[in-house]
Amino acid sequence: MDGRVDRVDVTVLPAGWRRLDSEIAGNWSPALSPDGRHMAYLSDRGGVPAVWVQPVGSELAFRVDTGPEPVSAVRWSSGGGWLACQIAPGGAPRHEVWLVRPDGSDLHQVAGFGADTAENMRWLPGRPVLAVTENLTRAVLIDVTAGARTVVTEGDLVTLLDVDPAGRFALLRYGPRGARQIVLRDLSGGAEKPVTRGERAVFSPGGGCVYALSQDGEFPALMRITGDAVEVLASTPEVEDFVVTADGRTAAVLWNVRGGESEVALVDLDHDGHRDPVPVGPLPGLVAGDLVWSFDGSALGFTAEGPGQPHGVWVWQRATGRVGAVSAEPAAPAAIRPVLRSFPAHDGLTLTGWLFTPRTPGPHPAVVWLHGGPEAQERPGHGPLFQTLADRGIAVFAANVRGSSGFGRSFVDADNGALRPAAIEDVRTCVQHLRDTGIAGRVGVMGRSYGGYLTLAALTWHPELFDVGVDICGMSNFATFYQHTEPWIASAAVSKYGHPVHDAELLRELSPIHRIDRLRAPLLVVHGANDSNVPVIEAEQVVAALAARDHPHRFLLFPGEGHELLHSTARADFLRETLTWLETHLTE
């Protein structure tokens, strides 16, 4: 920090607005001005994710210049004077946090310096103070008016969630993926008290209670915790997220229903008894997310998407009860709407997935798609690759094998450590289902991140099933993954995959590189050169092994990209090359 003390938190809006052209682009990470009249959000309409500010109800917009690097999140301060921007240098998983005025002035960095990464940005309501976490080891408060930076605590796998208005207590989250505990920390004495197992929690405006998305039960639930008293405010169906108004009177709750669709409703927090949630909608897309209130509680922002409908940013107005688009493209009229399929795994566990079926009679060549995580979920959102494949006569089955979220805690944990082979077997079951039901002829498999790992595992555990494969930034060797990934990523992954030392034998057995000689299918390997989450050595090992055997393969390496392809040109190249690869080997 430079020590300046004149950085007041008062909204100053830009002067150079322009009308947006109609173009297909994704818009996400909505952040409302305090009065709900303007929205900042991210859009890649210019080729790279950047911050835009737009009046609600207007077609005019202003791009906020934060430099050439991709922006991955934006938050608007309570007073309106600052946008906090999470920036990904080189497209890599490491993040920096920069502050900028909504008119584009006074851009300066406040967190994630050097080799550090800064995440989980949260403006403390009613205060010009930004909470961030660096390296999952350092909880930091940044007072942007006083120019002060305070370290709340340091520890292994710690995340700062919130600080009460009096500055006496903090809500912290500890632990690796799938096993995180929320605690209340006394900032004066350092004593900590467990609150609940989970990912998200905030203080009420007065600090007298805590609202938490608890994962103590089989399904996540919204709870109000006052001392030792616990009240369940929202539970079944599965609660995915929540946001509370600054006055503490209303919570907006996001539910995950029907295998991956969304519902949003309002919960009255003033009511002493149980009152039914009031639905928000109808929602403009099958899948919603990124809930955010304006500081005055007049507007609720969110994203929505659907088949053939890219992410758009929307606002629900309390005064009218209506939902309106801020920046969103309509769904393509000819988009294929997927159908949810359900069937038993080898051990009787129920598996699901979303099937995109071509309009022509089957059986079809087909691709099994495996999402990352593994604690993520395939949902009926926007998927240009899926739509294009189905339009060209190739069916896509976007699977939710065990380890996926959205189906309860037991399902998420069903692939941990030594249980990993069951997830690999789930991929075989998916192929069997597609063939037994007459959907598929020739079959390929593809996925990204953990889904890339599972693709390699399926291709080498069950090589006879597949005619082609596409590995996108997947892990091939757990030993080198743990050695080269970011240290905080390695620490958080132990609960899912196993310990690199204590479970070395298991991890070797589960690493596809040691079975690569069993692979039969032609393989396209895709990776970002700057990926420090799953480092590029994971791809290079596979490519070298295939080249030594003269096995049919191709290596698609993207300079200037990290764990995700953030530039539209890179995504276009990926789509084109992947379509060509799959058509060549599935429709020959």
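As shown above, the structure is provided for reference.
Because the structure is a prediction, the values reported are computed rather than measured.

**Concerning the pairing of strand β33 (residues 440–448)**
Working step 1: Where strand β31 (residues 364–370) and β33 come together, six bridges link them in parallel fashion. Directly across from V367, in β33, lies its bridge partner G444.
Working step 2: In terms of handedness, the path from β33 via helix α4 (residues 450–461) over to strand β34 (residues 468–472) forms a crossover that is right-handed.

**As for the sheet that holds strand β27 (residues 309–317)**
Working step 1: Read from one edge to the other, the open sheet built from four strands follows the order β25-β26-β27-β28, with strand pairing classed as antiparallel. The open sheet terminates on both sides in strands that have one partner only, identified here as β25 (287–293) and β28 (322–327). Here the strands of the sheet are splayed against their neighbours by 30 degrees on average, with no regard to which way each runs.
Working step 2: The sheet contact formed by β25 and strand β26 (residues 299–306) spans five bridges and is antiparallel. The partner of A288 across the bridge, within β26, is A304.

**Section: the packing of aromatic side chains**
Working step 1: Enumeration over the complete set of coordinates arrives at eleven aromatic pairs.
Working step 2: Aromatic pair F481 and Y497: ring centres 6.3 Å apart, planes at 80 degrees, arrangement edge-to-face. Taken as a pair, F481 in helix α5 (residues 478–484) and Y497 in helix α6 (residues 487–497) lie far apart in primary sequence, 16 residues in all. Accessibility classification places F481 together with Y497 in one group, the buried group.
Working step 3: Cluster of aromatic residues (ring-pair linked, three or more members): Y450, Y453, F478, F481, Y482 and Y497.
Working step 4: Residue placement shows R101 over the ring face of W82; its charged tip is 3.9 Å from the ring centre.
Working step 5: Sitting above the plane of the W461 ring, R515 keeps its charged end 3.9 Å from the centroid.

**Some remarks on the state of the cysteines**
Working step 1: What the rule picks out here adds up to zero disulfides.
Working step 2: The thiol sulfur of C430 is not disulfide-bonded, and the nearest other cysteine sulfur, from C473, lies at 20 Å.

**Let's talk about the packing of helix α1 (residues 384–391) against helix α9 (residues 568–586)**
A pair of packed helices is characterised by two quantities: the angle between their axes and the separation of those axes.
Working step 1: Two elements in contact, α1 and α9, have axes separated by 11 Å at closest approach and are oriented at 35 degrees. The crossing of α1 and α9 is right-handed. Judged by residue contacts, P384, L385, T388 and L389 of α1 engage L575, T578, L579 and L582 from α9.
Working step 2: Residue composition of the contact of α1 with α9, by class: six nonpolar, two polar and no charged.

**Notes on helix α8 (residues 537–549)**
Working step 1: Over its 13 residues, α8 extends 19 Å from the first C-alpha to the last, a length consistent with the 18 Å expected when each residue adds 1.5 Å.
Working step 2: Burial in α8 covers these residues: E538, A539, Q541, V542, V543, A545 and L546.
Working step 3: The elements touched by buried residues of α8 are α4, α5, β35 (523–528) and β36 (553–558).
Working step 4: Note on α8: the residue one or two positions beyond its end, D550, has a positive phi of about 60 degrees.

**Focus on the nonpolar core**
Working step 1: One finds Y453, L454, F466, F481 and Y497 to be the most contacted residues of the largest nonpolar core, which totals 58 residues.
Working step 2: Core analysis: the second largest hydrophobic core is formed by 27 residues, W369, L389, L524 and F558 among them.

Calculation rules
- Residues numbered from 1 in each chain as written.
- Predicted model: local features only at pLDDT ≥ 70, side-chain atom pairs only at ≥ 80, totals over all residues.
- Heavy atoms only, no water.
- Pairing = 2+ DSSP bridges.
- Helix = DSSP H or I, 4+ residues; strand = E, 2+ residues; numbered from the N terminus.
- Right-handed = clockwise from strand over helix to strand, strands pointing away.
- Axes fitted to C-alpha atoms, helices over the stretch in contact; angles between N-to-C directions.
- Phe/Tyr/Trp six-rings, centres within 6.5 Å; stacked < 30°, edge-to-face > 60°.
- Buried < 20%, exposed > 50% of the residue type's maximum accessible area, 1.4 Å probe, protein only.
- Lys NZ or Arg CZ within 6 Å of the ring centre and 35° of its normal.
- Disulfide = S-S within 2.5 Å.
- Left-handed = near helix turned anticlockwise from the far one by under 90°.
- Contact = heavy atoms within 4.5 Å.
- Nonpolar A, V, L, I, M, F, W, Y, C, P; charged D, E, K, R; others polar.
- Expected span 1.5 Å × (residues − 1).
- Core = buried A, V, L, I, M, F, W, Y, C linked by side-chain atoms within 4.5 Å.

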